[in-house]
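Given next are the chains, with one letter for each unit.
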Amino acid sequence: MKFTSKLAFAASALALSVSAAWADSGEISVGMALEPPHLDPTSAAAGAIDQVLYANVFQGLTRFASDGSIIPGLAESWTISDDGLTYVFQLRHGVKFHDGTDFDASHVVFSLDRARAEDSTNAQKALFADIASVKTGDHYSVIVTLSKPNGSLLFNLAWGDAVIVSPESIDTIKEKPIGTGPFRFVEWVKGDRIELERTPDYSWGDQVALDKVTFRFISDPTAAFAAVMSEDVDVFPVFPAPENLAQFDADPRFQVLVGSTEGETILSTNNKLPPLDDVRVRKAIAHAIDRKAIIDGAMFGFGTPIGTHFAPHNPAYLDLTGNSAYDPEMSKSLLAEAGLADGFTTTLKLPPPSYARRGGEIIAAQLREVGINVEISNLEWAQWLEQVFRGKDFGLTIVSHTEPMDIGIYARPDYYFQYDNPEFQALITELNAEAKADKRTELLHKAQTMISEDYVNGYLFQLAATGVANAKLQGLWVNAPTQATDLTGVSWAE
Amino acid sequence: MLRYSLKRFLSLLISLLVASIVIFVVIEIVPGDPATYMLGINAQEDTIAALREELGLNASKLERYWNWLSGMMVGDFGTSYTYRSPVNELIGDRIWVSLPLALIALTLSTAIAFPIGIIAASRRGSVTDMSVMGATQLGVAIPNFWFAMILVLIFAINLRWFASGGFPGWDEGVFAGLKALTLPAIALALPQASILARVMRTSLLDTLSEDFVRTARAKGLSKAKALRRHALRNALIPVLTIIGLQFSFMLAGAIIIENVFYLPGLGRLIFQSISQRDLIVVESVVMLLVFAVVLVNFFVDLTYALVDPRLRGRQ
């Protein structure tokens, strides 16, 4: 099985020729609500790190394209053995790190071994769990051997947590990241901005149009609005206040970018806490929720209703919203069936994002209609992680699971919503080992249906990617298949 | 005087020690683990354990308190959990935004408040007094973040005279730095100026009715001269106290203004550190602010003694 990257190259070359006529100013200023805590994408979960560095400064063996597909990165091509256990990656030649070191197979071995090491602090260590060994073939090839087949390996290697780093840069990577990407790191003024510039002798990938990129950190939604309006920032890829988007849309100076993300926003339910351990009660909750009202009220209309834990833009998606259609009468009779005709009381613990805080108020009101009384408490992220996520001390909570293709979390019985179904666990094991696309789709359909019919969580909506940009900017990602601001194809129109 | 100073100094040390204990205890009992926060929801237990070890979070609380305290004594605040760089550096970078901002705002607020307060007091009951005091009433009532947004709307979005926020850094030149701090300083200064002007007016009116002012007038001084030579100086004491309080407020309390103008100052550093559970940064910045306030009080105490001989004699 051999994959050549010609097609992907053709596509990106096309994108480049459209943007070839960029304006004289090759500078861009990007607004972001959160500042990265440090600049090592391989040792923190903070999406803000990838949002600055992914594809711009750091590259992995494979990478995400804007439609979510996996295309070659530092690996030019690869072959997979028939038993699915051995992957041989052919690396790109002539690649240099920003400090001038030549990139070769040893860097890949170092990076992957570091990520899966005993004392690794990689936030997504599970991505590498099935790798048994990583060895150099020759100077430009790497042999990855798995302990069991894993159909998601190429996908896993595209994550920001799997980018290739150089051993010499590790000690200072958190302050001064050195990668192989088309932009290199210049300066970080903490609390204010990060500056990147075009890598001078970049010759191993598509040429970029921008000379200089400045990421500015603006956490306050009002300040973000002012920064865009005064054109102090050219693009705000994840704009923090959806209520302002209509105003930008009406202004010819700006374009509003609405796409899809990997964020399944769910009413997470503690499957071990009575009465929520009763599937009839969870089903009653699912039918008591009016998704459209939540999307309109909490998200200003941005978002797609979901009926299971899967992204609607994925080709393997199955529309199961019918399983939890809005039907308060049915909810009431289900509750009565479960012996809770008078309703019950539980907690709803909300993390800071507005989808949770605003959505929580609406859900509380809807649940009250069928006799379920929820006590809302607002938590900070650190508290949420401690109480809800690790402590499992909650009845309901609302959270957006932004990791791509994360249906596998339902196979972890100790995961915070505590869904323990051996049948589902077997299904995921089978899926992980399966490499054939059509068989995988079939298994994914089964998995989606199973959690939908078990009403593990209340499935609310897929978080929309809502950004705003200067009308003259082209080549920006509209969808967000991973948290990234890929500027490699971005340019100014005449 | 020496004995008095020593006593004040001892009380300064005790205050700092007590403050360090209170800060450490309060911040350590806040729920939330920095390592869990940083690694997010897909992290494995062994990864979290590895990071906790790396950050030194597995040491006992007493040990951590001692490390922090002994480090501070030699000017080392430790290493930030999230940024992984020395807290000294973080504070060092930020203070060059917060300190100038507080100083400019303070200068501005004093420059506005003094003349207004004096004019209002000397023309008590006149139309000028009423309208100026009405305006300061409004100034006190308007929240500074709202005022900041209005400034941005007018001067950044409509007129485009200033950027809507951010700080280019002093490397870009003094002018660029001052320009970036202008709107925030005005937003910070005006409400404070209103308070100060009102205090100035009241204090001046109080002194104007004192016997010594009447004596000065009887001696043949004009109203204006009596005010300038005798009343003003005596009226300054409560005003200076307020200015001292306002300075610490502007240094530490500019969190909201720094957010509206996205300035990389101390306020935003604390704000970010609290939400990320970067405990050591929060502890150190709060400690630093306490130190600044205690130090200012120490000098104020000394100045009192210099000004008022009665304090020196008291045992």
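Residues numbered from 1 in each chain as written. Chains lettered and ligands numbered in written order. Predicted model: local features only at pLDDT ≥ 70, side-chain atom pairs only at ≥ 80, totals over all residues. Heavy atoms only, no water.

Engineer: Got a sec to walk through the UniProt feature "domain: Solute-binding protein family" (unreviewed entry) in chain A? Specific residues and values, please.
Structural biologist: On the UniProt side, "domain: Solute-binding protein family" (unreviewed entry) is annotated at positions that read residues 70–399 of chain A here. Segment residues 70–399 of chain A splits into 26% helix and 25% strand. End C-alpha atoms: 26 Å apart. (UniProt positions renumbered as here; feature names shortened; annotations may be inferred. Helix = DSSP H or I, 4+ residues; strand = E, 2+ residues; numbered from the N terminus.)

Engineer: Which residues make up the interface of chain A and chain B, and what are the values?
Structural biologist: Size of an interface: often given as the accessible area lost when the parts come together. Of the residues lining the interface, 50 residues belong to chain A; the matching set on chain B comes to 46 residues. Of the roughly 3,900 Å² buried where chain A meets chain B, counting both sides, 52% is carbon and sulfur surface. The interface formed by chain A and chain B holds five salt bridges in total. At the boundary of chain A with chain B, the tally comes to 17 residue pairs in polar contact (both at pLDDT 80 or more). It is helix α11 (residues 381–390) of chain A that provides the largest number of residues to the side of chain A that touches chain B, a total of eight residues. Broken down by class, the residue content of the side of chain A that touches chain B amounts to 21 nonpolar, 12 polar and 17 charged. (Contact = heavy atoms within 4.5 Å. Buried area = accessible area lost by both parts, 1.4 Å probe. Salt bridge = Lys/Arg side-chain N within 4 Å of Asp/Glu carboxyl O. Polar contact = N/O pair within 3.5 Å; in protein donor to acceptor, adjacent residues only side chain to side chain. Nonpolar A, V, L, I, M, F, W, Y, C, P; charged D, E, K, R; others polar.)

Engineer: For the sheet that holds strand β5 (residues 86–91) of chain A, give the residues involved together with the corresponding values.
Structural biologist: Two modes of strand pairing occur in sheets, parallel and antiparallel, and in both the strands are linked by backbone hydrogen bonds. Residues and elements named next belong to chain A. With respect to topology, four strands assemble into an open sheet ordered β4-β5-β7-β6, the strand pairing being antiparallel. Bordering the open sheet on either side are β4 (75–80) and β6 (131–136), each of which pairs with just one other strand. Strand-to-strand twist across the sheet, computed as the mean angle between neighbouring axes with direction ignored, equals 20 degrees. Sheet topology places β4 next to β5; five bridges connect them, and they run antiparallel. Pairing of Ala75 across the sheet is with Leu91, part of β5. Relative to the sheet, helix α3 (residues 105–116) contacts β5, β6 and β7 (141–146), its axis offset from that of β6 by approximately 160 degrees. (Pairing = 2+ DSSP bridges. Axes fitted to C-alpha atoms, helices over the stretch in contact; angles between N-to-C directions.)

Engineer: If you had to explain the UniProt feature "transmembrane region" (unreviewed entry) in chain B to someone new, which residues and values would you point to?
Structural biologist: Residues and elements named next belong to chain B. Summarizing the sequence annotation, UniProt attributes the feature "transmembrane region" (unreviewed entry) to residues 9–30, 95–120, 141–162, 174–197, 235–257 and 285–307 in the numbering used throughout. Here residues 141–162 is 73% helix and 0% strand, with 26 Å between the C-alpha atoms at its ends. Overall, residues 174–197 shows 100% helix and 0% strand. The separation of its end C-alpha atoms is 30 Å.

Engineer: Talk me through the pairing of strand β9 (residues 193–198) of chain A; I want residue IDs and the actual numbers.
Structural biologist: Residue and element names in this part refer to chain A. Pairing analysis gives six bridges linking strand β8 (residues 183–189) to β9, with the strands arranged antiparallel. Considered in β9, the bridge of Glu187 is made with Glu195. Taking the residues that link successive antiparallel strands as the turn, the β8-β9 hairpin has three residues, and the phi of Gly191 there is positive, at about 85 degrees.

Engineer: With reference to specific residues and values, describe the domain arrangement of chain A.
Structural biologist: Residues and elements named next belong to chain A. For chain A, the assigned domains are domain 1 (7–39 + 174–259), domain 2 (55–172) and domain 3 (261–464). The interface of domain 1 with domain 3 comprises five residues on the first partner and six residues on the second. The contact between domain 1 and domain 3 buries some 460 Å² in all, and 72% of this surface belongs to carbon and sulfur atoms. Broken down residue by residue, the surface that domain 1 buries against domain 3 is led by Pro242, Glu243 and Gly259, which jointly contribute 70%. Counting across the interface, domain 1 meets domain 3 through one salt bridge. Its salt-bridge partner being Arg358, residue Glu243 comes within 4.0 Å of it at the nearest N-O pair. Linking domain 1 with domain 3 are zero residue pairs in polar contact (both at pLDDT 80 or more), by the criterion used here. When grouped by side-chain class, the residues that make up the side of domain 1 that touches domain 3 number three nonpolar, one polar and one charged. (Domains from an automatic or database assignment.)

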